[in-house]
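The chain contents come next:
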2 protein chains.
Amino acid sequence: MQHEVLVAVFQKRDDELCVLLWQRALAPESGTWSLPGGALGADEDLPASATRQLAEKVDVQELAHLEQLSVFSDPHRVPGPRTIASTFLGLIPSPSDPHLPPDTRWHPVSDLPQTSFDHGVVIRHARRRLAAKLSYTNIAFALAADEFTMSALRDLYTCAIGHAVDTTNLQRILRRRGVITPTGKTAPPGRAGGWPAALFRFTESRLRVTDEFAVLRPPV
Amino acid sequence: MQHEVLVAVFQKRDDELCVLLWQRALAPESGTWSLPGGALGADEDLPASATRQLAEKVDVQELAHLEQLSVFSDPHRVPGPRTIASTFLGLIPSPSDPHLPPDTRWHPVSDLPQTSFDHGVVIRHARRRLAAKLSYTNIAFALAADEFTMSALRDLYTCAIGHAVDTTNLQRILRRRGVITPTGKTAPPGRAGGWPAALFRFTESRLRVTDEFAVLRPPV
DNA sequence: ACAAAAGTGTTAGTTGTACACCCATGG
DNA sequence: CCATGGGTGTACAACTAACACTTTTGT
């Protein structure tokens, strides 16, 4: 019984949420696109393995967040010896361009190529998890730049969550929760003019739940 | 490399949330209390294995809900050959008393005995997950009876979530979300008198998220 | 001057909590 | 007729979505 790790690595690129995939050269399912990953090593746990695989195979170093998703354990999920897959969600900040091997490419999640085995399901799971956590945690820190304008952050939320987001309300929510902090600095306006935008940063760069109990919260 | 399944099975018993544990007779860690589970079979996936183990070893048949928690993969989490543990949360409805082997017993989660290996961590994870899901899903269906009064349901929430819950508001929330439905019937009052309580049932008996987006919800 | 982009403010609606009050029943 | 406990209603606070208006800047 084998054990592999699969990571759905997301990054925002050109106003699209993208996922990192590599194209299989050999059978089975040659030509289809796979998630990065590989066999679990003898003396590492799953998160360590995921980090190592990404560093080794696709030169991804700047992983800002990594979390476990579910385990895929169908005895016949892949041909050959039985292999259990532990899947992960990985996030990379936006202005960063890791060096990729030639068979590896970023694909917009809205337009995926044919994926290998059950990897398409994994990607959908990961995307749902990301969208959900954007609304009650500070997880966006792992996709954003160190410093950013509100409109950049709005674009990030918009493409990651899949629908329009109001900049004003987004700022209100994130500031009240203490998720973002103004730096005091401003960014120069674009070439079309406009008010110089204030710069913000995420207060923390570790996952934190910011809206734990929507209802049935404990009494004060 | 071995792969085992561990299940934290919860039930409300006597106004206490309880978890099912069995006491190890042999080394290692003899005398400590363990979660039910065992090795993953060659031709079953993880949920099937969890269900089978419970049915075989502790005669638990009425599992109303089962979901995956995280995987414990520390190479040295247990002595002997390396064993990866996939953990699950299992729920059993309240008026039900499965036949248990002599070494197996229900333990209130507020007063756990000494647990084996990392099983204590698993129990805490499971409990947190349950408490969280009570507030945004209909997961309580798996702990409640077929029909119940609001005060019975309030007691269930109170002991599962760990703090007082207002009956009136609980009913309002759950009815608005369509989680519970009145049956029209009433229960006779207790021996001290009082208004006969209305009976309700859960609208669905499959997990459903009822409060997906607390904020940043999609436009109508 | 004008358009673009960001800041400011307001309104209205929803949701949840806390709490007071009313009513049916058994002793 | 009273205590008990469930039902009904209201007041209040918190939050959010939607959107109009104002201000600064580059062309």
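Relevant structure appears above.
Residues numbered from 1 in each chain as written. Chains lettered and ligands numbered in written order. Predicted model: local features only at pLDDT ≥ 70, side-chain atom pairs only at ≥ 80, totals over all residues. Heavy atoms only, no water.

Student: Before we go on, may I ask you to explain the interface of chain A and chain B in this structure?
Tutor: Much of the literature gives interface size as the accessible area that the parts lose upon coming together. At the interface, 38 residues of chain A touch 37 residues of chain B. For the pair chain A and chain B, the summed buried surface comes to about 2,700 Å²; carbon and sulfur atoms form 66% of the total. It is His163, Val215 and Leu216 of chain A in chain A that bury the most area against chain B; as a group they hold 21% of the surface buried on that side. Where chain A meets chain B, there are zero salt bridges. The tally of links between chain A and chain B comes to 12 residue pairs in polar contact (both at pLDDT 80 or more). At the level of elements, α1 (46–58), β5 (65–72), β6 (83–91), α2 (119–136), α3 (150–161) and α4 (167–176) of chain A are the ones that each hand at least two residues to the side of chain A that touches chain B. Considered class by class, the residues forming the side of chain A that touches chain B number 21 nonpolar, nine polar and eight charged. (Contact = heavy atoms within 4.5 Å. Buried area = accessible area lost by both parts, 1.4 Å probe. Salt bridge = Lys/Arg side-chain N within 4 Å of Asp/Glu carboxyl O. Polar contact = N/O pair within 3.5 Å; in protein donor to acceptor, adjacent residues only side chain to side chain. Helix = DSSP H or I, 4+ residues; strand = E, 2+ residues; numbered from the N terminus. Nonpolar A, V, L, I, M, F, W, Y, C, P; charged D, E, K, R; others polar.)

Student: I'm lost on the sheet that holds strand β8 (residues 148–149) of chain A in this one. Help?
Tutor: Backbone hydrogen bonds hold the strands of a sheet together, and the pairing may be parallel or antiparallel. Residues and elements named next belong to chain A. Spatial ordering of the open sheet is given by β8-β10-β9, a layout of three strands whose pairing is antiparallel. Only two strands of the sheet have a single partner each, and these edge strands are β8 and β9 (180–187). Bridge analysis of β8 against strand β10 (residues 197–202) gives two bridges, and the strand direction is antiparallel. Bridge pairing links Thr149 to Leu199 in β10. (Pairing = 2+ DSSP bridges.)

Student: What's the story with the protein's contact with DNA strand D in this structure? I'm lost.
Tutor: For DNA strand D, the set of nearby residues contains 24 residues, the closest of which are Arg176 and Trp195 of chain A together with Ser151, Val215 and Leu216 of chain B. Each atom of DNA strand D within 4 Å of the protein was assigned to sugar, phosphate or base; sugar and phosphate come to 66%. Between DNA strand D and Arg177 of chain A there is a distance of 3.1 Å, counted from a phosphate oxygen to a side-chain nitrogen or oxygen. Ala198 of chain B is positioned with one of its backbone polar atoms (N or O) 3.0 Å from a phosphate oxygen of DNA strand D. Secondary-structure elements contributing two or more residues to the surface near DNA strand D are α4 of chain A together with α4 (167–176) and β10 (197–202) of chain B. Take the surface near DNA strand D: its biggest share by element is four residues, from α4 of chain A. For the surface near DNA strand D, a count of residues per class yields 10 nonpolar, seven polar and seven charged. (Near = heavy atom within 4 Å.)

Student: Explain the protein's contact with DNA strand C here, please?
Tutor: The environment of DNA strand C is made up of 25 residues, and the closest members are Ser151 and Val215 of chain A together with Arg172, Arg176 and Arg177 of chain B. Within the side chain of Arg172 of chain A, one N or O atom sits 3.4 Å away from a base oxygen of DNA strand C. Taken together, the elements giving at least two residues each to the surface near DNA strand C come down to α4 and β10 of chain A together with α4 of chain B. With four residues, α4 of chain B is the single largest residue contributor to the surface near DNA strand C.

Student: What is the right way to look at the packing of α2 of chain A against α3 of chain A in this model?
Tutor: Two measures define how a pair of helices packs: the angle their axes make with one another and the distance between the axes. Residue and element names in this part refer to chain A. Interaxial distance between α2 and α3 falls to 9 Å at its minimum, and their mutual angle equals 135 degrees. One finds that α2 runs oblique with respect to α3. Helix-helix and strand crossings are classified by hand; for α2 and α3 the assignment is left-handed. Here α2 contributes Arg127, Leu130, Ala131 and Leu134 to the contact with α3, which in turn contributes Tyr157, Cys159, Ala160 and Ile161. Partitioned by chemical class, the residues of the contact of α2 with α3 number seven nonpolar, no polar and one charged. (Axes fitted to C-alpha atoms, helices over the stretch in contact; angles between N-to-C directions. Parallel < 35°, antiparallel > 145°, perpendicular 65-115°, else oblique. Left-handed = near helix turned anticlockwise from the far one by under 90°.)

Student: Help me understand the pattern of salt bridges in this model?
Tutor: It is possible for side chains bearing opposite charge to pair when their charged atoms get close. Residues and elements named next belong to chain B. For the coordinates displayed, the defined rule picks out 24 salt bridges over all chains. Two residues, Arg52 and Glu44, come together in a salt bridge whose shortest N-O distance is 2.7 Å. Under the relative-accessibility criterion, Arg52 is labelled partly exposed at 28%. Two residues, Lys133 and Glu67, come together in a salt bridge whose shortest N-O distance is 3.1 Å. (Buried < 20%, exposed > 50% of the residue type's maximum accessible area, 1.4 Å probe, protein only.)

Student: Would you mind going over the environment of Gly31 of chain A with me for this structure?
Tutor: All names here are of chain A. Residue position: Gly31 is located in the loop between β2 (16–23) and β3 (33–34). Looking at Gly31, the relative accessible area reads 33%, which means it is partly exposed. Gly31 sits 61 residues away from Ile92 along the chain, and the two C-alpha atoms are 26 Å apart. Apart from residues no more than four positions distant in its own chain, Gly31 is found in contact with Gln23 and Arg24.

Student: I tried to follow the relation of the copies chain A and chain B on my own but got confused; where do I start?
Tutor: In this arrangement, two copies of a chain are superimposed by a rotation about an axis accompanied by a shift along the axis. Overlaying chain A with chain B gives an RMSD of 0.1 Å, the required rotation being 180 degrees about an axis along which the chain moves by 0.0 Å. On this basis, the relationship between the two copies can be described by a two-fold rotation axis. For chain A, the residue whose C-alpha comes nearest the rotation axis is Ala214 of chain A, separated from it by 3.3 Å. A symmetric contact is evident, with 97% of the interface residues of chain A recurring at the interface of chain B. (Least-squares fit on C-alpha atoms with pLDDT ≥ 70 in both.)

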